[in-house]
Amino acid sequence: MVSGLMVAQAADFPNKPITYIIPFDPGGQTDIEARRQQPILEELLGVPVIITYRPGGGGSVGWSELANSPPTGYVIAGNNIPHIILQPLQRGNAGYNTEDLEPVSLFQTTPIGLAVLKSSPIESFEDFVQYAKEHPGAITIAGSGTYSGHHIAYLQLEKLAGIKTTYIPFTGAAPQITAFLGGHTTAILANSNDLVQHQDRIRVLAIGDDQRFPSLPDVPTFVELGYDMIPRIDRGICVPKGTPPEVIAILEAAFLSIARDPEIQSQMIEQGFVPMALGAQEYKEYIALKTVEYSELMQALEDR
């Protein structure tokens, strides 16, 4: 009876506006991508897509709201790896569990890099490590949220370099980069698109990738420098657990259509993003792999 009702609802989906939750401030990577997708989604789905912001808790405020929304497909949210894994893992009660967020599609990633302003006396990654060792806690590093991609990169960096710095969390990448450019922190762990966009004002010391980032060819990777870390943030879309598979399939097709569009991919690359295009099942399997990886990483960091 319930299954039959869900199929009937899915056949009629969508027939009213869809709310698209951004769990961060306006202007960050999740928002940039949602704004790019919004008009195309409206054309593909035939209904308005309303973007709304729920910043706080490194994204957990927005994901908690999504997890507690009716599983109808009319409330969706941008989701980020590793944040959706680390929040419940480390907070205990983040307001949601990772499995409460049903994956729909993964469409983008950004390597994370370490940068200082060009006016800084720190000229290289080696300078950064040396200064941090000589002045424990003095270097401040801007990041987006706690138990986020930036935060775990900071924890890895401290452990591998044997240094002590101070992490300054912001409620999103937009206020984070604004504060850094304004000279309110010594350094930043930022997403690749922000590093590319502001490269005339900043000095990127290292980036998290397994090879040099094409838009920043002169910047060494952490691995090249002898640091076994490849920090990055993946972005996709999710719905509440219990959403009918037929509804997920409709949303998945729309998001994959956008993610696979050569023009959209070209725009992303030019801006410093790395396009991806995983469907719901692939995304679920990817999250399972990353959950194991980040659980082991957090245990290793706690054992330091």
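One can find the structure itself at the top, above this paragraph.
Worth saying up front: this structure is predicted, and the values here are computed from it rather than measured. (Residues numbered from 1 in each chain as written. Predicted model: local features only at pLDDT ≥ 70, side-chain atom pairs only at ≥ 80, totals over all residues. Heavy atoms only, no water.)

## As for the environment of A254
Okay, step 1: Inspection of the secondary structure puts A254 in helix 9 (residues 245–259).
Okay, step 2: When its relative accessible area of 5% is taken as the criterion, A254 is described as buried.
Okay, step 3: Counting along the chain gives 149 residues from A254 to S105, while the straight-line C-alpha distance between them is 9.4 Å.
Okay, step 4: Beyond its immediate stretch of four places on either side in the chain, A254 contacts L41, L44 and L45. (Helix = DSSP H or I, 4+ residues; strand = E, 2+ residues; numbered from the N terminus. Buried < 20%, exposed > 50% of the residue type's maximum accessible area, 1.4 Å probe, protein only. Contact = heavy atoms within 4.5 Å.)

## Quick look at the pattern of salt bridges
Okay, step 1: Per the stated rule, a full pass over the model turns up 8 salt bridges.
Okay, step 2: Residue E102 pairs with K284 through a salt bridge whose shortest N-O separation is 2.7 Å. One end of the pair, E102, is in strand 4 (residues 101–117); the other, K284, is in helix 11 (residues 280–302), with 182 residues separating them in the sequence.
Okay, step 3: In this structure, the salt-bridge partner of D234 is R232, at a minimum N-O distance of 3.0 Å. (Salt bridge = Lys/Arg side-chain N within 4 Å of Asp/Glu carboxyl O.)

## Description of the layout of surface pockets
Okay, step 1: Size it by volume and the largest pocket reaches roughly 170 Å³.
Okay, step 2: Along its surface, the largest pocket is lined by T109, P111, G208, D209, D210, Q211, F213, P214, I230, R232 and V274.
Okay, step 3: When the residues that make up the lining of the largest pocket are grouped by side-chain class, the tally is 5 nonpolar, 3 polar and 3 charged. (1 Å grid on protein atoms, 1.4 Å probe; cavity = no way out; pocket = protein on both sides within 12 Å on 5 of 7 lines; lining within 4 Å. Points joined across faces, edges and corners; volume = space filled by probe spheres on them. Nonpolar A, V, L, I, M, F, W, Y, C, P; charged D, E, K, R; others polar.)

## Examining empty space enclosed by the protein
Okay, step 1: For the structure shown, the criterion picks out 1 cavity of 30 Å³ or more.
Okay, step 2: What lines the largest cavity is a set of 15 residues, among which F24, Q29, N80, S144 and A173 lie closest to the centre.
Okay, step 3: Elements with a contribution of two residues or more to the lining of the largest cavity: helix 2 (29–45) and strand 9 (232–240).
Okay, step 4: Broken down by element, the residue count for the lining of the largest cavity peaks at 3 residues, all from helix 2.
Okay, step 5: Looking at side-chain class alone, the lining of the largest cavity contains 4 nonpolar, 8 polar and 3 charged residues.

## Here we look at the environment of Q265
Okay, step 1: Within the secondary structure layout, Q265 lies in helix 10 (residues 262–271).
Okay, step 2: Given a relative accessible area of 27%, Q265 falls into the partly exposed group.
Okay, step 3: In sequence terms Q265 and I51 are 214 residues apart; their C-alpha atoms lie 22 Å from each other.
Okay, step 4: The residues touching Q265, leaving out its near neighbours within four places in the chain, are A259, R260 and P275.

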